[in-house]
Amino acid sequence: LGYCLLQHYLMTGDKTPLFKALPSLVRAGEWYLENRNSESKSLIQLGTSKTGRGSHMRTKFAAQNEAAMDNSPMYDEAVYNKETGLLEQYDVGVSSMLALDVECQARIADILGYFSLGRILKDRADKIKKSINEYLWDEEQEIYANRNLDGSFGLTSPTSFYPLAAGVANESRVDACMEHIFN
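Residues numbered from 1 in each chain as written. Predicted model: local features only at pLDDT ≥ 70, side-chain atom pairs only at ≥ 80, totals over all residues. Heavy atoms only, no water.

Q: Outline unusual backbone geometry, supporting the account with residue identities and numerical values.
A: Positive phi, normally seen in glycine, also occurs at Ser 42, with a value near 60 degrees. Summarising the element assignment, Ser 42 is placed in the loop between α2 (16-35) and β1 (45-47). What makes Ser 42 buried here is its relative accessible area of 8%. Residue Glu 142 is not a glycine yet carries a positive backbone phi of 55 degrees. The partly exposed category is assigned to Glu 142, whose relative accessible area is 43%. (Helix = DSSP H or I, 4+ residues; strand = E, 2+ residues; numbered from the N terminus. Buried < 20%, exposed > 50% of the residue type's maximum accessible area, 1.4 Å probe, protein only.)

Q: Which residues make up the packing of helix α1 (residues 2-12) against α2, and what values do they have?
A: The axes of two packed helices give the description: the angle between them and the distance between them. Remark: α1 packs on α2, axes separated minimally by 11 Å, with the N-to-C direction vectors making an angle of 165 degrees. Compared by their axis directions, α1 and α2 come out roughly antiparallel. For the pair α1 and α2, the sense of crossing is left-handed. Contact residues: Gly 2, Leu 5, Leu 6, His 8 and Tyr 9 in α1; Pro 17, Leu 18, Ala 21 and Leu 25 in α2. Classifying every residue of the contact of α1 with α2 gives seven nonpolar, two polar and no charged. (Axes fitted to C-alpha atoms, helices over the stretch in contact; angles between N-to-C directions. Parallel < 35°, antiparallel > 145°, perpendicular 65-115°, else oblique. Left-handed = near helix turned anticlockwise from the far one by under 90°. Contact = heavy atoms within 4.5 Å. Nonpolar A, V, L, I, M, F, W, Y, C, P; charged D, E, K, R; others polar.)

Geometry only, nothing functional implied.
Set out below in structure tokens:
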């Protein structure tokens, strides 16, 4: 949502939506890092919460669907931890979307004159991006992928390209990913 709000501002110059949304955006990003990040690596694991009334609450099925990619095979091999409610897999797509969103939050904070918050958010986005590059780049396949907590990589999927959209990848990694599209 941060990306969309930033684009709206860049097209219209209207700061009103930025003032209204920034606190909620920041809280949402913080929630993800506090509740979907069991090993403090600034990478997101899909999960399910203890609250709510969903029919599949606290199940692997619910955790798999948190990314809104229902029935995607990329989560089939992930282990579900009943104690934490999290898949034992870092998600490259959601982690990349969060990195982009937090980076946009930083830009919005700067636009609104909240420079110290902007620096905090920029550092947070950079930390997420660094973790994506460090942990979710599969050297053998030369592509980004979900990674299980045991160190093995999951299936590649369209979300393997999300780090490119989020500005995570350097030029050589962009080139390697492009080879997968055209190969």
